[in-house]
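# Analysis of the macromolecular model
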Amino acid sequence: MNRSRRTPPLFVSLRLGLSYLLLVSLSLVFLTPILWMISSSLHSLEGVFAVPFRWIPEKLHWENYRDAMTLIPFGRYLLNTTVIAFAVIVGTVFSSTLVAYGFSRFRFWGRDKLFALCIATMMLPGQVTMIPLYVFFARLGWVDTFLPLIVPAFFGSPFYIFLLRQFFLSIPYEYDEAALLDGASRFRIYWQIILPLARPAIATVVVFSFMGAWNDFFNPLIYINSFEKATLTLGLNSLKAQIIGSGQTQWHILMAASVLVLIPNLIVFFLAQRHFIKGINVGGLRG
Amino acid sequence: MASVELINVTKIYDNQVVAVKEANLEIKDREFAVLVGPSGCGKSTLLRMIAGLEEISKGEILIDGKVVNDVPPKNRDIAMVFQNYALYPHMTVFENMAFGLKLRRIPKEEIRKRVNDAAEILHIKDYLDRKPKMLSGGQRQRVAVGRAIVRNPKVFLFDEPLSNLDAKLRVQMRIEINRLYNRLNTTMIYVTHDQVEAMTMGTKIVVLKDGVIQQVDSPLNLYNAPVNRFVAGFIGSPAMNFFSGRLERNGGLFFVSELFRIELPESIARKFSSENRDIVLGVRPENIAEVGAPAGDNFSAGQTILVDVVEPIGNEIFLYFRDSSQSYCMRMPPDHVYKPGQNISVVLNLSKLYFFDSETGLCIA
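### A few points about the overall build of chain A
What chain A contains, in helices and strands, is 14 helices and two strands. The C-alpha radius of gyration of chain A comes to 25 Å, more than 25% above the 19 Å expected for a compact globule of 287 residues. The dimensions of chain A, computed from C-alpha atoms along their principal axes, are 75 × 70 × 30 Å. Sorting the 287 residues of chain A into buried and exposed places 40% on the buried side. Taking the contacts inside chain A whose residues are at least 6 apart along the sequence as the reference set, 74% of them involve residues at least 24 apart. Carbon and sulfur atoms form 70% of the exposed surface of chain A, whose accessible area is close to 16,800 Å². Across chain A, 22 positive and 12 negative side-chain charges occur, with their mean positions spaced 12 Å apart.

Following this line, the structure appears as structure tokens:
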């Protein structure tokens, strides 16, 4: 190593400082709405609209959270949403990994065309299938049940299939061959070799599908009619519509409820990020 | 323990590339067969067909006398060691070795015993709880071998298992695999592109080129009696020299090339039916000696060459000389100093000459 060629330390710290400045300021831009939400959730209703806005309220109105949880049956909605989200995750992960495994590991006639077709379904806007799907589920008698929200997840999702297939393709086929010689069936290879190795990709799918199900407003709005089967997003909406006393939406309570709804998203994200940041380590192969 | 037999085995890929052409081969019970050849010669494809990982386009493969063309890999009772080991990264060494046994529903105690025994043989007992990524290349290789031996298969297949190791480790593992063969005393089929590995390990060597089996023989027979120019050039290091020239009758029978004019003894001359033909003479580097070196009647008359490059490697010296088109090598004892540009007089060992047809490459004499 030639010492004189090394970058001077001052330059390094300057560059590092600039990167951090840029990262912090960009993060602030993205964080502002969330910070506003958290701040508003601790204001009184007047405080929410005070000009100039006080980021840290004079008095912290923790009772907003209590109100948010009592004005609507928060516990019930939380349970409903959790059940749906959990089932959607299981369904999505199982079906999408299985289909992706097929596309990445088997050679069969028309495979690539079928894959293209599968990907092409991503281009169908949801609005196009909304009415036929509703009619379909209505005929099955599934309206006002969780089934229309859960069952479709068990039929794979093209985006996740694509994502997983690409990941599976990066897993060397030698593992499959070694397992075949070890006496494993194709399903066992999927279950005991491919799935554990695809943890980073599966973590991504879990996070995305959880957020999709947790934050879904539209589908519950269409299919769920009964009060006691509603999800948190429907609850938030009903809260918005609730007029108490002043005849005005209770923004501070709505924000408190929103913060509560947001928390599981953050938890799932932080639990999963360890996996998808770590990435795959193929220590079984050389190098 | 089992025999493996290939009858007219052909592999044609979807893109019409013929990887293996009409391969016929018999590997007897407890034989250590080595498939060797340059890259792309079809040796791995052949091995993978025996393993059942590759479909057979034509012909039949028999293990223990039974046709296995349509038998899935897991039912062939074979184990394979892959070039890149293919250890399951998410499992420990123990789990890697036990995986195949668990699938065969072998009792837990038995699994533990077998894995421990194999680990003992391969000196990996201390690593049983580690994941593959915490092991060195050599240790991973041992685990891969261990995974194969715990199964007690009828046939072991090795697909270039040493090619990812450094030179020193390769020699060491080569010896260990040899030792393992003596200990397990079972049928082994080993693929390599390294002719030294082939010569030192196999009891039977199969030389392949362009998907065609060139010669099947014992290591020494391959070296001493190659059937064609390819085998002659492939086996041996440094490789055999090939001098293109002509046979000429002028009193006796002479081989005449750009560098040499050698009178052939009657024992060789009588093997040629026609004279005045183009021919290729093959001479191994150790069969060219300097005039004055201990020589008997078997040597040719002295021929003058110009030393081009000198490579002293300690126990011997490689001298290179050339004609207008190519370079040749000769092996010299280490106790003499040679300089490039020096003229020396050399003799050829007449009892170790090989003649190849200049067109077909077949060994004529």
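### A short note on a positive patch on the surface
A surface patch of like charges, here positive, comprises A:Arg199, A:Arg274, B:Lys131 and B:Lys133. With respect to the helices, strands and loops of the structure, B:Lys133 is situated in the loop between helix H3 (108-122) and helix H4 (137-149).

### Considerations on the nonpolar core
Nonpolar side chains tend to gather and get buried jointly when the protein is soluble and globular. Ranked by size, the top nonpolar core spans 104 residues in total, and within it A:Phe168, A:Ile193, B:Leu6, B:Leu46, B:Leu157 and B:Ile189 carry the most contacts. Here this core gets eleven residues from one element, more than from any other, and that element is helix H4 (residues 74-105) of chain A. Residues in contact with B:Leu6, not counting those within four places in the same chain, are B:Ala23, B:Asn24, B:Leu25, B:Leu46, B:Ile50, B:Glu60 and B:Ile61. Residues B:Val93, B:Tyr127, B:Met173 and B:Tyr190 belong to the second largest nonpolar core, which totals 47 residues.

### Digging into the environment of A:Thr97
Residues and elements named next belong to chain A. Within the secondary structure, Thr-97 sits in helix H4. Linking Thr-97 and Val-205, residues 108 residues apart in sequence, is a C-alpha distance of 9.6 Å. Once you skip the residues sitting within four places of it in the chain, Thr-97 turns out to touch Thr-92, Leu-164, Phe-168, Tyr-190, Leu-195 and Ile-202. Polar contacts involving the side chain of Thr-97 include one to the main-chain carbonyl oxygen of Val-93, which spans 2.5 Å. Of note is the side chain of Thr-97, whose polar atom sits 2.7 Å from the side chain of Tyr-190.

### With respect to helix H9 (residues 173-182) of chain A
In terms of residue burial, H9(A) counts as a mostly covered element, since eight of its ten residues are buried. Of the surrounding elements, those touching the buried residues of H9(A) are H4 and helix H10 (186-197) of chain A together with helix H1 (43-51), strand E6 (78-81), helix H2 (93-103) and H4 of chain B. Immediately downstream of H9(A), the backbone of A:Gly183 shows phi near 105°, a positive value.

### A closer look at the interface of chain A and chain B
Counting from both sides, the interface comprises 23 residues of chain A and, opposite them, 27 residues of chain B. At the junction of chain A and chain B, the tally comes to three salt bridges. Where A:Asp182 meets B:Arg151, a salt bridge forms, and the shortest distance between an N and an O atom there is 3.3 Å. Among the elements of the structure, H9 and H10 of chain A are those that each provide at least two residues to the side of chain A that touches chain B. With eight residues, H9(A) is the largest single contributor of residues to the side of chain A that touches chain B. Tallied by class, the residues present in the side of chain A that touches chain B amount to eleven nonpolar, six polar and six charged.

### Observations concerning the sheet that holds strand E3 (residues 32-36) of chain B
Residue and element names in this part refer to chain B. Pairing in this open sheet of six strands is mixed, and the strands run E6-E7-E8-E3-E9-E10 from one edge to the other. The open sheet is flanked by E6 and strand E10 (212-217), the only strands paired with a single partner. Strand after strand, the sheet turns through a mean of 15° between neighbouring axes, direction not considered. One ladder, built from five bridges, connects strand E7 (residues 155-159) with strand E8 (residues 187-192); its direction is parallel. If you follow Val-155 over to E8, its bridge partner there is Thr-187.

### Quick notes on the packing of aromatic side chains
With the rule as written, the count across this model stands at 31 aromatic pairs over all chains. For the ring pair B:Phe158 and B:Tyr190, a centre distance of 5.5 Å and an interplane angle of 35° mean the geometry is tilted. Linking B:Phe158 in strand E7 with B:Tyr190 in strand E8, this pair joins segments that are 32 residues apart in sequence. The exposure class of B:Phe158 is buried, given its relative accessible area of 1%. When the ring centre of A:Phe115 is taken as reference, the NZ or CZ atom of A:Arg165 above it lies at 4.1 Å.

### Let's talk about the confidence of the model for chain A
Low pLDDT means the predicted atomic positions in that stretch should not be read closely. Confidence in the prediction of chain A, expressed as mean pLDDT, is 88, and 92% of residues score 70 or more. Ignoring residues within four places in sequence, the model shows residues 280-284 of chain A, a span with pLDDT below 50, making 20 contacts including any to other chains.

### Describing the domain arrangement of chain A
Residues and elements named next belong to chain A. Domain boundaries assigned for chain A yield domain 1 (9-62) and domain 2 (64-285). Its C-alpha centre places domain 1 at a distance of 31 Å from the equivalent point of domain 2. Taking both sides of the interface into account, the surface hidden between domain 1 and domain 2 amounts to around 1,000 Å²; carbon and sulfur atoms contribute 72%. For the domain 1 face of the interface with domain 2, the top three residues by lost area are Met-37, Ser-41 and Leu-45, together amounting to 52%. When residues of the side of domain 1 that touches domain 2 are traced back to their parent elements, those giving at least two are helix H1 (9-41) and helix H2 (45-49). Residues belonging to the side of domain 1 that touches domain 2 are distributed by class as follows: nine nonpolar, five polar and no charged.

### Considering the sheet that holds strand E13 (residues 261-264) of chain B
Residues and elements named next belong to chain B. Read from one edge to the other, the open sheet built from five strands follows the order E13-E12-E11-E14-E20, with strand pairing classed as antiparallel. A single partner strand is all that each edge strand has here, and the edge strands are E13 and strand E20 (354-357). Geometrically, the sheet is characterised by an average inter-axis angle of 40° between neighbouring strands, direction not taken into account. Judged from the six bridges that link them, strand E11 (residues 241-250) and strand E12 (residues 252-257) form a sheet pairing that is antiparallel. Counterpart to Gly-245 in the pairing with E12 is Ser-257.

### Structural notes on the pairing of strand E16 (residues 303-312) of chain B
Residue and element names in this part refer to chain B. Strand direction decides the pairing type here: E16 and strand E19 (residues 343-348), joined by four bridges, are antiparallel. Bridge pairing in E19 links Gln-303 to Val-346. Relative to strand E17 (residues 317-322), E16 runs antiparallel, the two being bridged by five bridges. By the bridge assignment, Glu-311 is partnered in E17 with Phe-318. If you look at the hairpin formed by E16 and E17, you'll find four residues sitting between the two strands, and Gly-314 has a positive phi there, around 105°.

### Some thoughts on the confidence of the model for chain B
On average, residues of chain B carry a pLDDT of 90, and 98% of them reach 70 or more. Here the predicted complex carries an ipTM of 0.84, next to a pTM of 0.82.

### Section: unusual backbone geometry
In this structure, A:Pro52 follows A:Val51 across a cis peptide bond, with omega equal to -5°. One can find A:Pro52 in the loop between H2 and helix H3 (63-71). A cis amide bond links B:Ser237 with the next residue in sequence, B:Pro238, at an omega value of -5°. Residue placement: B:Pro238 occurs in the loop between helix H8 (229-234) and E11. A positive phi is found at B:Asn8, a non-glycine position, where the angle reads about 50°. Using a relative accessible area of 34% as the deciding quantity, one classes B:Asn8 as partly exposed.

So, how was this worked out
Residues numbered from 1 in each chain as written. Chains lettered and ligands numbered in written order. Predicted model: local features only at pLDDT ≥ 70, side-chain atom pairs only at ≥ 80, totals over all residues. Heavy atoms only, no water. Helix = DSSP H or I, 4+ residues; strand = E, 2+ residues; numbered from the N terminus. Rg over C-alpha atoms; globule rule 2.2 N^0.38 Å. Buried < 20%, exposed > 50% of the residue type's maximum accessible area, 1.4 Å probe, protein only. Contact = heavy atoms within 4.5 Å. Areas by Shrake-Rupley, 256 points an atom, 1.4 Å probe, with all protein chains shown as cover. Lys, Arg positive; Asp, Glu negative; His and termini not counted. Charge placed at Lys NZ, Arg CZ, Asp CG, Glu CD. Patch = residues over 30% accessible without salt bridge, like charges linked within 9 Å, V, L, I, M, F, W, Y side chains within 5 Å. Salt bridge = Lys/Arg side-chain N within 4 Å of Asp/Glu carboxyl O. Core = buried A, V, L, I, M, F, W, Y, C linked by side-chain atoms within 4.5 Å. Polar contact = N/O pair within 3.5 Å; in protein donor to acceptor, adjacent residues only side chain to side chain. Nonpolar A, V, L, I, M, F, W, Y, C, P; charged D, E, K, R; others polar. Pairing = 2+ DSSP bridges. Axes fitted to C-alpha atoms, helices over the stretch in contact; angles between N-to-C directions. Phe/Tyr/Trp six-rings, centres within 6.5 Å; stacked < 30°, edge-to-face > 60°. Lys NZ or Arg CZ within 6 Å of the ring centre and 35° of its normal. pLDDT = per-residue confidence, 0-100. Domains from an automatic or database assignment. Buried area = accessible area lost by both parts, 1.4 Å probe.

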